[in-house]
Amino acid sequence: MTGSSIRLRRILVALVLLTAPLLFFSRAIITRKAVIPYDLPGYHVPQAGYLARSLAEGRLPLWDPYSYCGMPFAANLQAQVFYPPNWPFAIVNALTRENYVLDILEWHVALHMALAGWLAYLLCRRLRLGWTAALFGGVSYELGAFFASQAQHQGAISGAAWMPLAWAMVFALAERFSWRRLTVLALSIAMVVLAGFPAVLMMAIASTGVLAIGLFLFRDAGWRLPLQVVAGGLWGAALAAVQLIPAKELIDWSTAHQRTDFSDIGGGGIPPTAFGAIVWPNWNGVFDFSTYHLPWNPTFAYFYCGLMGALLVAASLWWWRAARWQVVLLTGSLSALFMMGGHTPFMRFVYPRLPRVLRSSLYDEFGLCVLSLSLAVLAAFGFEALLARRALLLRAAVVAIAALDLWWAGAGRPMNTGDPDAALRTSAREFEGSRSVVARIRGLTATQSPPWRLDAIDSTQMWGNAAPILGHYTASGNEPLASERVLAIRRIFGEAHEWERYIPVKLAASPLLDMLSVRYLIAWDASKSEVLQSPAIRKLESVDGHAIWENADALPRFSINGNVYRTSNLAESIERLHSHEFDPAREVILETTGPLPDFQPEARGKVEVLSYRPESFVLSVETDHPGLLVSSEAFYPGWQATVDGHAVPVLMVNAAFRGVAVAPGRHRVEMKYTPGSFRLGLAITAAAILLALISLRRKA
């Protein structure tokens, strides 16, 4: 073929792979007659909005002051702060002042589907398949089960898009080692890490490892290949260290490390009978959630790879002697086995014996990304076996029929499409369609600097979810990486299981709400009135169906207290908070095993807030006796304090918050969030990037 013909072919392939996802989600991103539902508007939109606002203010958002009395933001993998492909979308969000965050994220999803298709195409070409067979594989992957069912998970879609590139580099290294190939493998792993979905990351790492070991066992590569893949994975981790190291610190302080205590993968998983959905899209009844009765999330019950794809997977048996085919079949089979979880003796035996750090990131249902890619590649093998020598028009027709089949089966279904009128939108200016309630809450909370906090009763959990984009300070939230300590406090006045992270207020009379500076409570008008029965709580008004209540006993965000009750660990602190004797207006709990400073119980004083920003604040403090500056700002590693310019320890007070010892007199107290984990990660990433640039310049 001539050079112009090859270029024309590449343009045609790129157009097909780009157009297919755009048409698949055309109702959301083009006509705007639908939305991608669930986690995309409920979880990712608030994060994307806060990232955009921070960039517009010219700062890197290391800290989120709005959720759970404050928590790290950039350290959260799912925020995608350090994921390069997310930056253009964040900039557009910043330029549009957060008015179209959901619409922009829907484009983010569709374009990552197109990227997945393109990289799957390149993977098939690396496997020496013809360009039409590779195109079939690319279309099958991007429109297949994983992307059709998991569109709500921004990080999962982003991470799965890069997995074909990692696979392609494993096969490339099996043919011949080069530093460029190892570098691209490392970069692909780094992209999966930065995409921000640990379950997909675990699947990507496991599948690349299986490919490398399989190629060695099937004698299509030497013993060095598994070692090269391990080296590429470690290099990828170094490239993503700016995210990984802060994330590890955040996980250690959160409830995420406890997930394995409640995980059901040893007894859960997808039953073997459910895999009939591979050839029949509505096998599990997922096209109508109102009649769906199976005991697992319906968005994980769609496995359709297309009738044409299924037939071609069967036809791929023609390649059964080829190690490349064998290792893809092995990888797909193991992913299906993993997805079945406790329905197989193998997973019931293996899972409990895995290291806890691995178990905390494993979700059996996300083996679907590996299964989807395996089926797409196997179908491409079958396409090559049956159609490689057929007329171009016939091959193009087969690709088109497969794309239409996947579009007909998967587009516009409940797992990826929602009614825009039923999906109550939340943006920087409105909450679930109401601008009035947002404006009213801002006006009420802003009577103090920094503003009073808000909390929710009963089913209004989106107030916690949406806090970062609304700019409302709250003691609540719905974050998988929420502070273990803050949640332990919330369980005292709320009702929740240990693994739950959204804990609504059930005991509004609790003095702990005063301690958290919660001045306002919001509920549906129909909320149970007995929850809010307290002499200090009165209803102010109702706005667009939201009842606003005021807690007159709420304490300010900063105060001076010298009446110290000493504890040595979290359990003792929580026990004291449970006690009826605890009154946050008169007593402060200091958690320490060191010598206790000479505090005076009568210590009181004045605190003036000179400045308050997300990552720092400055106070003017005046007291007559040695005491504690007590805050309702959440404690995390990385916060540093100075008194009159001299560094002082940040103390753990009231089980989860920051305090500073102050001497008699007038002082200037400053706190800044400068986490050492971020600086260390940034240094490692910079060194890894420099090494990658040098490696890419090498000829071999």
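One structure accompanies this document, and this report is about it.

Thresholds, definitions, all that
- Residues numbered from 1 in each chain as written.
- Predicted model: local features only at pLDDT ≥ 70, side-chain atom pairs only at ≥ 80, totals over all residues.
- Heavy atoms only, no water.
- Pairing = 2+ DSSP bridges.
- Helix = DSSP H or I, 4+ residues; strand = E, 2+ residues; numbered from the N terminus.
- Axes fitted to C-alpha atoms, helices over the stretch in contact; angles between N-to-C directions.
- Salt bridge = Lys/Arg side-chain N within 4 Å of Asp/Glu carboxyl O.
- Buried < 20%, exposed > 50% of the residue type's maximum accessible area, 1.4 Å probe, protein only.
- Phe/Tyr/Trp six-rings, centres within 6.5 Å; stacked < 30°, edge-to-face > 60°.
- Lys NZ or Arg CZ within 6 Å of the ring centre and 35° of its normal.
- Parallel < 35°, antiparallel > 145°, perpendicular 65-115°, else oblique.
- Contact = heavy atoms within 4.5 Å.
- Nonpolar A, V, L, I, M, F, W, Y, C, P; charged D, E, K, R; others polar.

## Details of the sheet that holds strand β14 (residues 646-648)
Next, step 1: An order of β10-β11-β17-β13-β14 is seen for the five strands of this open sheet, with the pairing classed as antiparallel. For this open sheet the edge positions go to β10 (605-613) and β14, each flanked by a neighbour on one side alone. When strand polarity is set aside, the average angle formed by the axes of neighbouring strands in this sheet is 25°.
Next, step 2: Two strands pair when backbone bridges link them, and strand β13 (residues 639-643) and strand β17 (residues 665-673) are joined in this way by five bridges, in the antiparallel orientation. When the sheet's bridge partners are listed, V643 is paired in β17 with V669.

## Let's talk about the pattern of salt bridges
Next, step 1: Summed over the entire model, instances satisfying the criterion amount to 20 salt bridges.
Next, step 2: A salt bridge links E541 to R440; the nearest nitrogen and oxygen atoms lie 2.5 Å apart. Pair noted here: E541 is in strand β5 (residues 537-543) and R440 is in helix α20 (residues 435-445), with a separation of 101 residues, a long-range link.
Next, step 3: The partly exposed category is assigned to R440, whose relative accessible area is 33%.
Next, step 4: Its salt-bridge partner being R666, residue E622 comes within 2.9 Å of it at the nearest N-O pair. Of this pair, E622 sits in strand β11 (residues 616-623) while R666 sits in strand β17; the two residues are 44 residues apart in sequence, bridging distant segments of the chain.
Next, step 5: Note on R666: relative accessible area 55%, which makes it exposed.
Next, step 6: Through salt bridges with shared partners, a single network forms among E57, R59 and E615.

## A look at the packing of aromatic side chains
Two descriptors summarise a pair of aromatic rings, namely the distance from one centre to the other and the angle between the planes of the rings.
Next, step 1: Evaluation of the coordinates by the stated rule reveals 29 aromatic pairs.
Next, step 2: Geometrically, the ring pair formed by F197 and F366 is tilted, given 4.8 Å between the ring centres and 55° between the ring planes. Remark: F366 occurs in the loop between α17 (356-359) and α18 (368-387) and F197 occurs in the loop between α9 (179-195) and α10 (198-217); sequence separation between them is 169 residues. For the pair formed by F197 and F366, the shared burial category is buried.
Next, step 3: For R576, the ring lying beneath its charged end belongs to Y565, and the centroid distance is 4.1 Å.

## Let's talk about the packing of helix α3 (residues 39-56) against helix α5 (residues 101-126)
Next, step 1: Where α3 contacts α5, the axes come no closer than 10 Å and their chain directions differ by 105°. With respect to their mutual orientation, α3 and α5 come out roughly perpendicular. Side by side, α3 and α5 meet where L40, P41, H44, V45, A48 and G49 of the first sit next to V101, L102, L105, E106 and V109 of the second.
Next, step 2: For the contact of α3 with α5, the class distribution of residues is eight nonpolar, two polar and one charged.

## Quick notes on the sheet that holds strand β9 (residues 588-591)
In any sheet, the strands associate via hydrogen bonds between backbone groups, in a parallel or an antiparallel arrangement.
Next, step 1: Reading across the sheet, the six strands line up as β7-β12-β16-β15-β9-β8 and stay open at both edges, with mixed pairing between neighbours. The open sheet has two edge strands with one neighbour each: β7 (558-561) and β8 (564-567). Pairs of neighbouring strands in the sheet enclose a mean axial angle of 40°, with direction left out of account.
Next, step 2: As judged from the four bridges shared by β8 and β9, these two strands associate in the parallel manner. Bridge pairing links Y565 to I589 in β9.

## Quick word on unusual backbone geometry
Next, step 1: Cis rather than trans, the peptide bond between S449 and P450 has omega equal to -5°.
Next, step 2: Considering the arrangement of structural elements, one finds P450 in the loop between α20 and β3 (453-456).
Next, step 3: Backbone geometry at R32 places phi at a positive 60°, although glycine is not the residue there.
Next, step 4: Along the polypeptide, R32 turns up in the loop between α2 (26-29) and α3.
Next, step 5: On the basis of relative accessible area, R32 is assigned to the partly exposed category, the value being 43%.
Next, step 6: The phi torsion at C69 lies on the positive side, around 65°, for a residue other than glycine.
Next, step 7: Judged by its relative accessible area of 1%, C69 is buried.

## A short note on the environment of A475
Next, step 1: Position of A475 relative to the elements: it lies in the loop between α22 (467-470) and α23 (484-493).
Next, step 2: Taking the relative accessible area as the measure of exposure, A475 reaches 1% and is therefore buried.
Next, step 3: Considered as a pair, A475 and G70 are 405 residues apart in the sequence and their alpha carbons are 8.1 Å apart.
Next, step 4: Look past the residues within four positions of A475 in its chain and what remains in contact with it is Y68, C69, R453, L454, D455, V486, R490, L516 and V518.

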